[in-house]
Amino acid sequence: PKRAEQLINTRSCAAVEWMALGTDGSYFLLFGDGACYWAGLHPTLSALIKKETGIHRVFLSAQDWSYFLQLKDGRAFWEVSKDFDSQMGIEPQGAPGKKRKASGYLYLAPSQIMFSHHEIGPVFSSGKYSIKDTFLSLHSRDLDPEDLPLMDVVQHQGSYVSISNRRLAVFRLLEMYGKSDLRVPVEFVQKMGSFSSRYSTQCDGHYAYL
């Protein structure tokens, strides 16, 4: 793109550290001094670039608006098309129950995510598995974090808040007992109208009682 070429040729204060080219003339430029320039990106990606600091890499698709954004602190955001999922031969992960509208995906440390409930039951809603047994299976590596459905996470009062409280409890335990560098994939969703009535934490979500 001409604008990207002009920036590369005229911005002499720092060299280009990373460049990504996408569909329909879209691009992303990262310079060595941390300055970012972009055009034609997915609106969600554009908003993330404006909001987040410490951008490490951005990857763009040449066919559609799919993207992958990696930050220096280890977090990642991405959006892929349904065609990509079908070509990979997999169904997108998701939580059971009524589907909320997803606005992106992230990798977060469990300690970065707050509980939305003050008290949570020891057994998952299916009635088949307990928090304790799931934690032990993950700790012994009989299960991987990716084997569990993605947690639904919303933005509330400046924090990431989980709607999937039992899964968060499992991952918090796993992070506390031996996996301090744990990052888990979550689905960032929009708050539904029932969120306020179900938000029962009395400690801003820092912990929950089992």
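Described in the following lines is the structure provided in the data block. (Residues numbered from 1 in each chain as written. Predicted model: local features only at pLDDT ≥ 70, side-chain atom pairs only at ≥ 80, totals over all residues. Heavy atoms only, no water.)

## Let's talk about the packing of aromatic side chains
Part 1: Tallied over the entire structure, the rule returns 8 aromatic pairs.
Part 2: Ring plane angle 75° and centroid distance 5.3 Å describe the contact between Trp 18 and Phe 59, whose orientation is recorded as edge-to-face. Residue Trp 18 is found in strand E1 (residues 16-21), and its partner Phe 59 is found in strand E4 (residues 55-60); the two are separated by 41 residues along the sequence.
Part 3: Of the residues examined, Phe 59 reaches a relative accessible area of 40% and is grouped as partly exposed.
Part 4: Measuring from centroid to centroid gives 5.7 Å for Tyr 207 and Tyr 209, while their planes differ by 85°, and the two rings are edge-to-face.
Part 5: Joined through ring pairs, the aromatic side chains of Trp 18, Phe 59, Phe 68 and Trp 78 make up one cluster.
Part 6: Over the face of the ring belonging to Phe 31 we find Arg 11, whose NZ or CZ atom lies 4.8 Å from the ring centre. (Phe/Tyr/Trp six-rings, centres within 6.5 Å; stacked < 30°, edge-to-face > 60°. Helix = DSSP H or I, 4+ residues; strand = E, 2+ residues; numbered from the N terminus. Buried < 20%, exposed > 50% of the residue type's maximum accessible area, 1.4 Å probe, protein only. Lys NZ or Arg CZ within 6 Å of the ring centre and 35° of its normal.)

## A look at the nonpolar core
Part 1: Counting 36 residues, the largest nonpolar core has Leu 45, Leu 69, Met 151, Phe 171 and Val 186 as its most contacted members.
Part 2: Looking at which element gives the most residues to this core, the answer is helix H5 (residues 165-176), with 5 residues.
Part 3: The residues touching Leu 69, leaving out its near neighbours within four places in the chain, are Leu 45, Leu 48, Ile 55, Arg 57, Val 58, Arg 75, Ala 76 and Phe 77.
Part 4: If you look at the next biggest cluster of nonpolar residues, it comprises 6 residues, including Ala 4, Leu 7, Leu 29 and Phe 31. (Core = buried A, V, L, I, M, F, W, Y, C linked by side-chain atoms within 4.5 Å. Contact = heavy atoms within 4.5 Å.)

## Considerations on the pairing of strand E3 (residues 36-39)
Part 1: In terms of strand pairing, strand E2 (residues 27-31) meets E3 through 4 bridges, oriented antiparallel. Its bridge partner lying in E3, Tyr 27 is registered against Ala 39. (Pairing = 2+ DSSP bridges.)

## Regarding the packing of helix H4 (residues 131-139) against H5
Part 1: Interaxial distance between H4 and H5 falls to 9 Å at its minimum, and their mutual angle equals 45°. When the interaxial angle is binned, H4 and H5 end up oblique. Classified by chirality, the crossing of H5 by H4 is right-handed. Along its contact with H4, which presents Ile 131, Thr 134, Phe 135, Leu 138 and His 139, the element H5 presents Arg 166, Ala 169, Val 170, Phe 171, Leu 173 and Leu 174.
Part 2: The residue inventory of the contact of H4 with H5, partitioned by class, reads 8 nonpolar, 2 polar and 1 charged. (Axes fitted to C-alpha atoms, helices over the stretch in contact; angles between N-to-C directions. Parallel < 35°, antiparallel > 145°, perpendicular 65-115°, else oblique. Left-handed = near helix turned anticlockwise from the far one by under 90°. Nonpolar A, V, L, I, M, F, W, Y, C, P; charged D, E, K, R; others polar.)

## Topic: the pattern of salt bridges
Part 1: Counted according to the given criterion, the structure contains 4 salt bridges.
Part 2: In this structure, Glu 17 engages Arg 57 in a salt bridge whose closest nitrogen and oxygen atoms are separated by 3.7 Å. Pair noted here: Glu 17 is in strand E1 and Arg 57 is in strand E4, with a separation of 40 residues, a long-range link.
Part 3: Residue class for Glu 17 comes out partly exposed when judged on its relative accessible area of 38%.
Part 4: Looking at Arg 57, the relative accessible area reads 19%, which means it is buried.
Part 5: For Glu 52, the salt bridge is made with Arg 75, and the minimal N-O distance between the two is 2.8 Å. With Glu 52 in the loop between helix H2 (43-51) and E4 and Arg 75 in the loop between strand E5 (67-71) and strand E6 (76-79), the pair connects residues that are 23 residues apart, well separated along the chain.
Part 6: Assessed through its relative accessible area of 10%, Glu 52 is described here as buried.
Part 7: Residue Arg 75 is classed as buried on the basis of its relative accessible area of 9%. (Salt bridge = Lys/Arg side-chain N within 4 Å of Asp/Glu carboxyl O.)

Function cannot be read off these values alone, since they describe shape.
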